[in-house]
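Notes for the structure review
Each chain is listed here by its residues.
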Amino acid sequence: MKKTLHGLLTLFMVLVVQLVFAQEKTVTGTVVDEEGLPLPGVNVIQKGSNNGVQTNFDGEYSINVPSGSILVFSYVGFAPQERSIGSSDTINVTLAVDAAALDEVVVMGYVAKRREDMTGSTVQIDSDQINQIPQATVDQALQGRVAGLQISSSSGTPGSTQDIRIRGISSLTAGNEPLYVIDGVPVINSNVGGNSSSSSLSALASLSNNDIESISVLKDASATAVYGARGANGVIVITTKSGKAGKTRISLNSYYGFSNNAIDGPQPLSGAQREMLLYESVLNTYGENYNLSTPEEAADFYFDQLGDGYGYQDWIDAGRPEANWGELVTNDDAPIQEHVVSATGGTDDYNFYTSFGYFEQEATVIGSTFDRVSGSLNFSKDLSESLEFSTSNTASHTFQDGILEGSAYFSSPHSAKYFTPPLNQPYNDDGTFNLGTALPNPLYISENDIDESKFTRILSNNSLTWHTPIQNLSLKSRASIDYQVYDYKRYRNRVTGDGSSTDGYGERTSRKTATYVFQNSLNYFNAFGNHNVDITVLQEYQEYRNNYLFAAGDSFVTDGLTNLASSGNPTSASASFSDWYIASYLATGSYNFDSKYVLNATYRREGNSRFSDDNRWGNFWAFGAAWNLHRESFLSDSEFVNNLKIRGSYGKTGNANIGINNYQVLFNYNADYAGTGASYPAGYGNPDLTWETSYTLDVGLDFGLLQNRLTGTLGYYDRRSEDLLFDVPLSFTTGFSSQYRNVGSMKNTGFEAELNIDAVRSNDFNFSFGGNVATVDNEVLEVAQDANGVDIPVTNNVAAGQRSTTGTMAYEWFMPTWAGVDPETGVDTYYTDETRSETTTDFGQADRVFQGASALPTLTAGVNIHVDFKGFFLDAQGYYAGGHKIYEAWHRYLNQPNLYVTGVYNGYTSLLDRWQQPGDQTRVARAVYGGQPWTYNSKFLFDGDYFRLRNVTFGYDLEPEILENIGMSGARIFLRGTNLYTWVKDDNLVYDPEVDASGMTSIVTPPVQSFILGVNLNF
């Protein structure tokens, strides 16, 4: 009986399978646009299932589906189509451009809008421009791609922070960094590094470029007002990838390459050159008084009368060996690699995206590396017809082996190139490290000192959406956490360097931060004939908590034991907790009539714990309007004009990026009074303190002509910042020197333009090019005044000479003006007044004046080119910044012909072009045997204009016919070069021109030039 039943069941199953296969068929076809051009990458999905494929490079597809089913054809920018499966085995489809889809959806954090419905200035960068940029932080992909966005590298060390400014600066003393929003949630993305003298570490280094779907840069008030007191500096919205319905698709993205410094920088003197300058300096200084007339006589005088305190005789006796410290500390062809595997898929009621990646990069200097392990899991599921759950989760662990940089730290490998005399040899005769060098031997330091940062970050964003019984009304609740764990370890060895005087030194920093965000929003959209409305009401609460622990000690008894447990003398220990809170209520809505006339409005009421109860809550708002002229009857049938929009907006935003307790009278409790704990006043406080406010006007014109072959935008903005925070001096009778107050104002105005041209469009060959340009005109309108009504300038770098006062640019350079080297005497001269009518050789008599420029670029631009032919493609992109000036920070020790160069440290080969005899016309004064004080002046202030070829990519997309035979849907191989060429306007600026917002050159890792070979495989 069991055998009979088993046989019947087997026959039944075979019959069912035969019936199923009898009903299933293979459908093929081609998908093209309205011009007949094939559309690659179109999703072809069996409706109600996860059975789906994508069209190949020629727009062709093949799919097995049951008869009677429905195929859905969808592609970004085109209206979707559905086709029923009948008797035909071939279904060709022509997708029409969807007016709504053509106006791409721009993600703005809390909301997303069709570009056609936007009234402000926003730029969105898609994943194909972000993925596989060979850099550790995703923000570096923005340089040159967004008009009005200025980005510069604080260091080329992997994982370091970047300086980003959107349309200049809005504040003189509060923060100027934009707000970052990831998947709709505001997050903290500042420098998480443990020590200001070591390499910085960007929190954005925790994100993998391959997990990013898009980055939107919000610039005007209509876009940023939704973020209230944090929107004045612009907003950068990062959207991670989400799942796509259809057959599960697996992608492997991988590249490997190498990096070197993008610019050589100043070339140091050799030992022989240094010796020559030494004898010349002795001749110039003592020749007249001691009847010295030749370098040989000066050399004898140096050894006999001045004493050889700088080691020249030993060097001469050894045969004048030359140590090239620049080559010794350089890590040539530093490897860089990244490997990411991801998968996406789903059906019409759920989808998922998951990835796992590894990134590793060595610095171009010895002793520094960076690596990251990251993973993500994003999932969305329709729990019912009206309830939808979504979650996005990213976790990463980064490790940075940093170095000392950013100043003249003598244990830094960068410093060795310029500060360690070439007379000092790196190794002894027996091959051991030479520990008798004038400055610590960086080769020994790199192997025995420690600067390690470990950073773990978990981002989890979860939402539940209820589509209420009221049509088009939905309610969403969101809960998010950004959890960061940071551990920093520093150790200075006991043999040589910074720790030798204390038998070693160590410190440990541990920081745990958690940012919680809770949102509840109500969204309603509907169409009433020609009237379309979209309204969102949102409540948000954000909480930040920080736990900090620090300990330090010295007196390590032996080498190799570097943890604080081996410290014989604990020197410091501290722990602290800090927190802040933000609560807000938001209403934002848009209305359009027949997609022709658009109105947007936003209102946000926000409370911030940084301010007192009386000033805790503020109101922020914006409104905007746009007119889509191309939808008017007189243009709707135009073959020339495809898109033409006039837009404008005005609104109020804020800047609350200040300390968390500045409004309070503060006391410190860390004093010791006769063995008893004690407290003392630490801050005067100001209960009237509140956020800075910015009022922004933005007007623009967006256009698309000739079948959108010519597209672009033109815009103008005017941003007025008020209630600026200044540290105003107080009478010392108060017991304090100053108090923070809201007293200043400033404005930024400028023009922006973007243009892209599709010069050639065809099946086999395409060529396009374009770019963007932006200006910033900055002026300080008001600063604090003293009791006599005289302006109190705001200084950024007192010694170097950067100050802001009424009528100047922010942090304009303020210093004596150099008048050149006197051709008769070889001495530097300076102008005595602003009229430049008289000069002096006495630096103390020189008049300090404004130099007409600041460290902030007034003109930025980006260019891009794309070419493809029969699967081959070439992309190139560059960036320009100009109109600003850069100051050489260490000229006293390295770029003036004095005893610092010839005796103590080293200098640049540019010093060889010095004054030697009457009549010489040079920039370099005569060499002198002696030290010189700091003389900050315009001689070392250079034009900062530069252009950098940021990226060039050449690649090939394999033929679809080849891939289909091996089960692949796409494959690409490419070669990419980064920072291939740098042009600098001022020949005297020998350092890398891409400096941070301070405008000062520094001895850090310059931006790197990388070459990578990569592949993208899709299954």
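Reference entry: report on the structure contained in this document. (Residues numbered from 1 in each chain as written. Predicted model: local features only at pLDDT ≥ 70, side-chain atom pairs only at ≥ 80, totals over all residues. Heavy atoms only, no water.)

With respect to a nonpolar patch on the surface
Keep this limit in mind: In this analysis, a patch consists of residues with relative accessible area above 30% that form no salt bridge, clustered at 9 Å for like charges and at 5 Å for the nonpolar side chains Val, Leu, Ile, Met, Phe, Trp and Tyr. Surface accessibility follows the Shrake-Rupley procedure with a 1.4 Å probe radius. Residue values consider only the protein chains on display as shielding. By salt bridge we mean one thing: a side-chain nitrogen of Lys or Arg within 4 Å of a carboxyl oxygen of Asp or Glu. Only protein chains enter the area calculation, which uses a 1.4 Å probe; residues under 20% of their type maximum are buried, those over 50% are exposed, and those in between are partly exposed.
Together, Ile-250, Leu-252, Val-341, Phe-356, Val-373 and Phe-1019 make up a nonpolar patch on the protein surface, roughly 480 Å² of accessible area in all. Judged by its relative accessible area of 40%, Ile-250 falls in the partly exposed class.

With respect to the packing of aromatic side chains
This is how it is decided: The aromatic pairing rule takes the rings of Phe, Tyr and Trp, using the six-membered ring of Trp, and pairs them if the centres are within 6.5 Å, calling planes under 30 degrees apart stacked, those over 60 edge-to-face and the rest tilted. Put simply, DSSP H or I for four residues or longer makes a helix, DSSP E for two residues or longer makes a strand, and each gets a number counted from the N terminus. Geometrically, a charge over a ring is one whose NZ (Lys) or CZ (Arg) sits within 6 Å of the ring centre while staying within 35 degrees of the ring normal.
Inspection of the entire model under this criterion finds 50 aromatic pairs. Taking the centre distance of 6.3 Å and the plane angle of 80 degrees together, the rings of Tyr-312 and Trp-315 count as edge-to-face. Highlighted residues: Tyr-312 and Trp-315, both in helix H6 (residues 312-317), separated by three residues, approximately one helical turn. Owing to a relative accessible area of 3%, Trp-315 belongs among the buried residues under this scheme. Clustering of aromatic rings is evident, with ring pairs tying together Tyr-279, Tyr-286, Tyr-290, Phe-301, Tyr-302, Phe-303, Tyr-312, Trp-315 and Tyr-929. A cation over a ring is seen here: Arg-972 above Phe-873, with NZ or CZ 4.1 Å from the ring centre.

With respect to the nonpolar core
For clarity, the threshold we go by: Within this scheme, the nonpolar core is defined by two criteria: the residues are buried Ala, Val, Leu, Ile, Met, Phe, Trp, Tyr or Cys, and they are joined through side-chain atoms within 4.5 Å. Contacts: residue pairs with any heavy atoms within 4.5 Å of one another.
Residues Leu-149, Tyr-180, Ile-215, Ile-236 and Ile-238 are the most contacted members of the largest nonpolar core, which totals 23 residues. Of all the secondary structure elements, the ones that give two or more residues to this core are strand S10 (122-126), strand S11 (149-153), strand S12 (162-166), strand S13 (179-182), strand S14 (185-187), strand S15 (212-218) and strand S16 (235-240). In this structure Ile-236 touches Leu-142, Ile-164, Ile-166, Pro-178, Leu-179, Tyr-180, Val-181, Ile-215 and Ser-216, once residues within four positions along its chain are discounted. Counting 20 residues, the second-largest nonpolar core is a separate cluster that includes Tyr-418, Ala-889, Tyr-991 and Ile-1003.

Structural notes on the packing of helix H4 (residues 271-290) against helix H5 (residues 295-306)
We apply this condition: Note on definitions: angles span 0 to 180 degrees between N-to-C directions of axes, and those axes are lines fitted to C-alpha atoms, for helices only across the stretch in contact. Each angle is binned into one of four classes, with values under 35 degrees roughly parallel, values over 145 roughly antiparallel, values of 65 to 115 roughly perpendicular, and all other values oblique. Each residue receives one of three labels: charged for Asp, Glu, Lys and Arg, nonpolar for Ala, Val, Leu, Ile, Met, Phe, Trp, Tyr, Cys and Pro, and polar for the others, Gly being one of them.
At their nearest, the axes of H4 and H5 sit 8 Å apart, and the two run at 85 degrees to each other. In terms of their interaxial angle, H4 and H5 are classed as roughly perpendicular. Residue-level contacts link Leu-278, Tyr-279, Val-282, Leu-283, Tyr-286 and Tyr-290 of H4 to Pro-295, Ala-298, Ala-299, Phe-301, Tyr-302, Phe-303 and Leu-306 of H5. Within the contact of H4 with H5, the residues separate by chemical class into 13 nonpolar, no polar and no charged.

A look at the side chain of Asn-546
In plain terms, the rule: Contacts described as polar in this section are N or O atom pairs within 3.5 Å, which, within protein, must combine one atom able to donate a hydrogen with one able to accept it, while residues neighboring in sequence count only if both atoms come from side chains.
Residue placement: Asn-546 occurs in strand S25 (residues 531-556). We classify Asn-546 as buried; its relative accessible area is 10%. Polar contacts involving the side chain of Asn-546 include one to the side chain of Tyr-544, which spans 3.1 Å. Those residues in contact with Asn-546 that sit more than four places away from it in its chain are Arg-511, Lys-512, Thr-513, Ser-576, Phe-577 and Ser-578.

Brief notes about H4
To keep things clear, this is the line we draw: Each helix should span, by expectation, one fewer than its residue count multiplied by 1.5 Å.
Spanning 20 residues, H4 covers 26 Å between terminal C-alpha atoms, matching the ideal 28 Å at 1.5 Å per step. Within H4, burial applies to Gly-271, Arg-274, Glu-275, Leu-277, Leu-278, Tyr-279, Glu-280, Ser-281, Val-282, Leu-283, Asn-284 and Gly-287. One or two residues past the end of H4 sits Asn-291, with phi positive at roughly 55 degrees.

Observations concerning the environment of Gln-337
Here Gln-337 shows up in strand S18 (residues 334-346). Between the alpha carbons of Gln-337 and Ala-846 there is a distance of 53 Å; along the sequence they are 509 residues apart. With residues up to four places along the chain from it excluded, the contact list for Gln-337 reads Tyr-255, Tyr-256, Tyr-358, Phe-359 and Glu-360. A polar atom in the side chain of Gln-337 sits 2.9 Å from the side chain of His-339. Of note is the side chain of Gln-337, whose polar atom sits 2.8 Å from the side chain of Glu-360.

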